[in-house]
Amino acid sequence: MFTEHGDAAAVLDPAATAEAYALWEATVGATGTIRPEQLRSLAMLHLCRFQADVGNTDAFATAMNLFQELLRGRPDLVPAARLTDVAAVLTVTEVAGRDAARH
């Protein structure tokens, strides 16, 4: 596992993302919802992808977006080390949304 052993190949392999989203599709397609634990797993995968390849800003943005969803409903599943990042992104997003609504 990447977080334990630092094996970047485990999270950078395109198969890792494909498998994660296959799980997403199977769950959401069958039930219309995804369990918070599965959402956290997807967020962690993207966060690990960013940590393994710091230039991968798409992975960081995806992780933050997924963590935002968790912060709204299950903040206990957002890693404490990421709370500040997620809250900052959420604040920027909300301010931008309010500014866009004014215009």
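Residues numbered from 1 in each chain as written. Predicted model: local features only at pLDDT ≥ 70, side-chain atom pairs only at ≥ 80, totals over all residues. Heavy atoms only, no water.

A look at the nonpolar core
Residues Phe67 and Leu70 are the most contacted members of the largest nonpolar core, which totals 18 residues. Contributing elements (two or more residues each) for this core: helix 3 (14–31), helix 4 (36–52) and helix 5 (57–73). Here this core gets 7 residues from one element, more than from any other, and that element is helix 4. Contacts of Phe67, omitting those with residues within four sequence positions, involve Ala43, Met44, Leu47, Val78, Pro79, Arg82 and Val86. (Core = buried A, V, L, I, M, F, W, Y, C linked by side-chain atoms within 4.5 Å. Buried < 20%, exposed > 50% of the residue type's maximum accessible area, 1.4 Å probe, protein only. Helix = DSSP H or I, 4+ residues; strand = E, 2+ residues; numbered from the N terminus. Contact = heavy atoms within 4.5 Å.)

Thoughts on helix 5
Working note: α-helix, 3.6 residues per turn, so residues spaced by three or four point in the same direction. Compared with the 24 Å implied by 1.5 Å per residue over 17 residues, the 25 Å span of helix 5 between its first and last C-alpha is a close match. Of all the residues in helix 5, the buried ones are Ala59, Ala63, Met64, Leu66, Phe67, Gln68 and Leu70. (Expected span 1.5 Å × (residues − 1).)

As for helix 3
The end-to-end C-alpha separation of helix 3 is 26 Å, in line with the 26 Å expected for 18 residues at 1.5 Å each. Taken as a whole, helix 3 has its buried residues at Ala16, Thr17, Ala20 and Thr27. Projected onto a plane normal to the axis of helix 3, the buried residues spread over an arc of 100° and lie on a single side. Opposite its buried face, helix 3 presents the exposed residues Pro14, Glu19, Glu25, Ala26, Gly29 and Ala30, each directed more than 90 degrees away. Elements in contact with the buried residues of helix 3: helix 2 (8–12) and helix 4. With a side-chain oxygen positioned 2.8 Å from the backbone nitrogen of Ala15, the residue opening helix 3 is Asp13. (Arc of directions from axis to C-beta. Polar contact = N/O pair within 3.5 Å; in protein donor to acceptor, adjacent residues only side chain to side chain.)

Keep in mind that these numbers describe shape and distance, not what the molecule does.
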